[in-house]
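# What the coordinates show
What follows is the residue order along each chain.
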Amino acid sequence: QETLVSDVTTTVTSEAVQARAARSLGEMLRDEHAVSVGGGAAIAQKLYIRGVEDSMLNTTLDGAAQSGRAFHHQSRLLIDPELIHSVEIDRGATPASAGPGALAGSIRMTAKDGRQLLRDGQTFGASVRGGVASNDGHRWGAALYGLAGESVDFLVSANRDDNDDYQAGDGTRQTHSGSKQSSGLGKLNWRIAPGHRLTLGYQAVQDEGSRYLRPNFWQAQGNSLMPQKTTRDTLTVTYRYDGTRTLPAMELGLFSDTMKVTRTTTAAQPQFNKPLGHQFGEEIASSGLNLKAATRVADATVRYGLNIHRFEMNAVHARPPAASTSNGREESSVKGLFAEGSIPLGDQFLLGAGARYDWYGYTDNHAQRISSRGLSPNMSLTWMATDALSVRASAGTALRGAGLKEAFYVDNTRWRNDPGLQPEKARNVELGVNYSEGPWSAKATVFRQQIRNFISTTT
């Protein structure tokens, strides 16, 4: 059976996720080198790979693109670690199979399913869990899972996490940092025939609380207190085929993902042209198809496939100025083809090479249409000096066309796209050393990463 995952991808296993007993994204990934998560409250946590924010990464949950960002002061990744089975991480120059727009890396998360939770000989199970945090928080949850015959397994899970205002390291109480987060997961696997599997999954996460407009800042001038609510709903359908000696392994996934943020103004003076008591916000929706296949050709493994993604963003209860030309809505899409291979060169060397070609289309909130396309190639060479020591050199480029801007500004005329926007282009070269023998392991990497034509928001 050929693997659909690149040999340079780091995997955080289900055992590691469970052992960390993580309550947030930061806790789940705290031991991964070059990966960091900033922000105290869960809604303010942003993920970084090598210091580059997650808006420049390709992030998926069960293949569903976690696209766009609502507001640069808050997280765009609303994830409950309790529902995560494993995480795959690519740093820097990502494999072509990682998906479109991965300028600085990629993170692919997989949710749990029922068969993974069953003990040997068990056909049905249930669990109740709970916990208390010394920094003013508690959580509880329950799950039902089992088999429906030999070919079908299921999982239904729900969690609730209530947090009061937490104390910083110096003992200062961070006012209005508390929140209530609830999440649910439903997953059904059907083994249609030997080697064939169909998976249906649905995940919902909700975070709400009365917090400052900019939740990663504390009380300051212009940072008014507002009731805020963020929800994310993800629906996936995935077909997998294990392959044979003559037929390729394959994975075909369809997804739909929607993130919605709502706020209610409480200040007497209008804010962002929103009067007292006005509810406003943003909604970002994505949908698409991912196809991956892997074939064995002589001693080499070749992976190939395509991605078709569509994104839509709408302002919720927009109140733009009377003279605004913004229609409060944007759309974008990307279609891409990719291929990559791993080729042994003798007993000590492994050559990796791949490329993807993507077509981007974008219609912004002023009805401007911007399109771009381009090639993203990469190459690597690994020297397995001994069974314990390996050295890897790699170089790659990645292209991402113009797409949805920050949703918070979509109903505002002050931020208007330059009609001549060029695609962002990332270049990455690196040299890494990996040593692992017995209880000892060490890794070291030097790299240079550059992103040109960076698309930013200015006034």
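Residues numbered from 1 in each chain as written. Predicted model: local features only at pLDDT ≥ 70, side-chain atom pairs only at ≥ 80, totals over all residues. Heavy atoms only, no water.

## Describing the overall build of the chain
Stated formally: Strands here mean DSSP runs of E at least two residues long; helices mean DSSP runs of H or I at least four residues long; both are numbered from the N terminus. In this setup the radius of gyration rests on C-alpha atoms only. A globule is expected at 2.2 Å times the number of residues raised to 0.38. Exposure categories follow from relative accessible area, calculated using a 1.4 Å probe and restricted to protein chains: below 20% of the type maximum is buried, above 50% is exposed, and the middle band is partly exposed. Two residues qualify as a contact provided that any one of their heavy atoms is within 4.5 Å of a heavy atom in the partner residue. Exposure was quantified through the Shrake-Rupley algorithm and a 1.4 Å probe, taking into account, for residues, occlusion by the shown protein chains and nothing else.
Looking only at helices and strands, one finds 3 helices and 23 strands in the chain. A compact globule built from 459 residues should have a C-alpha radius of gyration of about 23 Å, and the chain, at 23 Å, falls within 12% of that. Counting only C-alpha atoms and orienting by the principal axes, one finds that the chain spans roughly 70 × 55 × 45 Å. Counting every position in the chain, which comprises 459 residues, the buried fraction comes to 48%. Taking the contacts inside the chain whose residues are at least 6 apart along the sequence as the reference set, 62% of them involve residues at least 24 apart. As presented, the chain carries roughly 21800 Å² of accessible surface, and 54% of it is formed by carbon and sulfur atoms.

## Looking at the nonpolar core
Stated formally: We call a set of buried residues a nonpolar core when its members are Ala, Val, Leu, Ile, Met, Phe, Trp, Tyr or Cys and they connect through side-chain atoms within 4.5 Å of each other.
In terms of nonpolar packing, the biggest core is built from 24 residues, with M28, L29, L47, V87, I89, I107 and M109 touching the most fellow members. Broken down by element, this core gets its largest block of residues, 3 residues, from strand β7 (residues 84–91). Beyond its immediate stretch of four places on either side in the chain, M109 contacts M28, T59, T60, L61, D62, I79, I84, S86 and V87. In terms of nonpolar packing, the next biggest core, distinct from the first, is built from 12 residues, A64, F255, I284 and V334 among them.

## Considering the pairing of strand β9 (residues 124–133)
Our working rule: At least two bridges found by DSSP between two strands is the condition for calling them paired.
Strand direction decides the pairing type here: β9 and strand β10 (residues 137–147), joined by 10 bridges, are antiparallel. When the sheet's bridge partners are listed, A126 is paired in β10 with L144. In this structure, the hairpin formed by β9 and β10 is closed by a connection of 3 residues, where D136 is found at a positive phi of approximately 65°.

## Focus: unusual backbone geometry
We note that R50 has phi near 55°; this positive angle belongs to a residue other than glycine. Here R50 is to be found in the loop between β3 (46–49) and β4 (52–53). For D62, which is not glycine, the phi torsion reads 50° and is therefore positive. Mapping D62 onto the fold places it in the loop between β5 (58–61) and β6 (64–65).

## So, the sheet that holds β3
In spatial order, the strands read β2-β3-β4; together these 3 strands make up an open sheet with antiparallel pairing. Taken across any chain shown, the strands that pair with only one partner, and hence form the sheet edges, are β2 (35–38) and β4.

## A short note on the sheet that holds β5
Within the open sheet, the 5 strands sit side by side as β1-β7-β8-β5-β6. Their pairing is mixed. The open sheet has two edge strands with one neighbour each: β1 (10–12) and β6.

## Brief notes about the packing of aromatic side chains
Counted only if it meets this: Classification of ring pairs rests on two measures: the distance between centres of Phe, Tyr or Trp rings, Trp counted by its six-membered ring, which must be within 6.5 Å, and the angle between planes, read as stacked under 30 degrees, edge-to-face over 60 and tilted in between. Here, a charge over a ring is recorded when the distance from Lys NZ or Arg CZ to the ring centre is within 6 Å and its angle to the ring normal is within 35 degrees.
The tally for this structure, following the rule as stated, stands at 6 aromatic pairs. Taking 6.4 Å as the distance between ring centres and 15° as the angle between the ring planes, the aromatic pair formed by F349 and W383 counts as stacked. With F349 in strand β19 (residues 349–363) and W383 in strand β20 (residues 369–383), this residue pair connects regions lying 34 residues apart in the sequence. On the basis of relative accessible area, F349 is assigned to the partly exposed category, the value being 33%. Clustering of aromatic rings is evident, with ring pairs tying together F71, F280, F408 and Y409. The ring of F447 has R50 lying over it, and the distance from NZ or CZ to the ring centre is 4.2 Å.

## What about empty space enclosed by the protein?
Here is the rule we go by: The pocket and cavity definitions rest on a 1 Å grid over protein atoms only: a 1.4 Å probe that fits but cannot leave marks a cavity, an open set with protein on both sides within 12 Å along at least five of seven lines marks a pocket, and residues lining either have an atom within 4 Å of a point. Grid points are joined across faces, edges and corners, and a volume is the space filled by probe spheres set on the points. Asp, Glu, Lys and Arg are counted as charged, while Ala, Val, Leu, Ile, Met, Phe, Trp, Tyr, Cys and Pro are counted as nonpolar; the rest, among them Gly, fall into the polar class.
Enumeration over the complete set of coordinates arrives at 7 cavities of 30 Å³ or more. The volume enclosed by the largest cavity comes to roughly 160 Å³. For the lining of the largest cavity, the elements supplying multiple residues, two or more each, are β19, β20, β21 (389–400) and β22 (424–437). Here the lining of the largest cavity takes 4 residues from β21, the largest share from any one element. Of the residues belonging to the lining of the largest cavity, the class tally is 10 nonpolar, 9 polar and 2 charged.

## Some thoughts on the pattern of salt bridges
Worth spelling out the cut-off: Each reported salt bridge corresponds to a side-chain nitrogen of Lys or Arg within 4 Å of a carboxyl oxygen of Asp or Glu.
Using the criterion set out here, one finds 20 salt bridges in the structure. Across the pair E312 and R329 runs a salt bridge, and its minimum N-O distance is 3.2 Å. With E312 in strand β17 (residues 300–316) and R329 in strand β18 (residues 329–345), the pair connects residues that are 17 residues apart, well separated along the chain. Between R400 and E424 there is a salt bridge, and its shortest N-O distance comes to 3.0 Å. With R400 in strand β21 and E424 in strand β22, the pair connects residues that are 24 residues apart, well separated along the chain. A residue is classified by how much of its surface remains accessible, and R400, at 18% relative accessible area, is buried.

## Side note on a nonpolar patch on the surface
Threshold: Like-charged residues within 9 Å of one another, or nonpolar side chains (Val, Leu, Ile, Met, Phe, Trp, Tyr) within 5 Å, are grouped into patches, provided each residue has over 30% relative accessible area and no salt bridge.
The grouping of I343, L345, F349, L381 and W383 at the surface amounts to a nonpolar patch, some 420 Å² of accessible area in total. Of all the elements in the fold, those that place two or more residues in the nonpolar patch are β18 and β20. Overall, W383 belongs to the partly exposed group, its relative accessible area being 38%.

## Quick look at the pairing of strand β8 (residues 105–111)
Across the 7 residues of β8, 6 count as buried, placing the element largely inside the fold. One ladder, built from 4 bridges, connects β5 with β8; its direction is parallel. In the strand pairing of β8, T60 is matched with R108.

## Examining the environment of N290
Using the following cut-off: A 3.5 Å cut-off defines polar contacts: any pair of N or O atoms within that distance qualifies, except that in protein one atom must be a possible hydrogen donor and the other a possible acceptor, and neighbouring residues in sequence count only when both atoms are side-chain atoms.
As for its position among the elements, N290 is in strand β16 (residues 279–297). Residue N290 is classed as buried on the basis of its relative accessible area, which comes to 16%. Spatially, the C-alpha atom of N290 lies 35 Å from that of G121, the residues being 169 residues apart in sequence. Excluding anything up to four places from it in sequence, N290 contacts G63, E251, L252, G253, F255, L306, N307 and H309. Of note is the side chain of N290, whose polar atom sits 2.8 Å from the side chain of N307. Side chain to side chain, N290 and H309 meet in a polar contact 2.7 Å long.

## As for the environment of E437
Checked against the element boundaries, E437 lands in strand β22. Taking the C-alpha atoms as reference points, E437 and T264, 173 residues apart in sequence, are found 56 Å from one another. Looking at E437, its side chain comes within polar contact range of the side chain of Y435, at 3.0 Å.

## Quick look at the confidence of the model for the chain
Heads up, the rule is: The predictor's confidence in any single residue is recorded as pLDDT, a number from 0 to 100.
A residue-level look at the chain finds 93% of positions with pLDDT of 70 or above and a mean pLDDT of 85. Across the chain, the element-wise mean pLDDT spans from 72 in helix α1 (residues 14–20) up to 95 in β19. This stretch, residues 1–7, has a pLDDT under 50; its non-local contacts, to residues over four places away or in other chains, come to 23 contacts.

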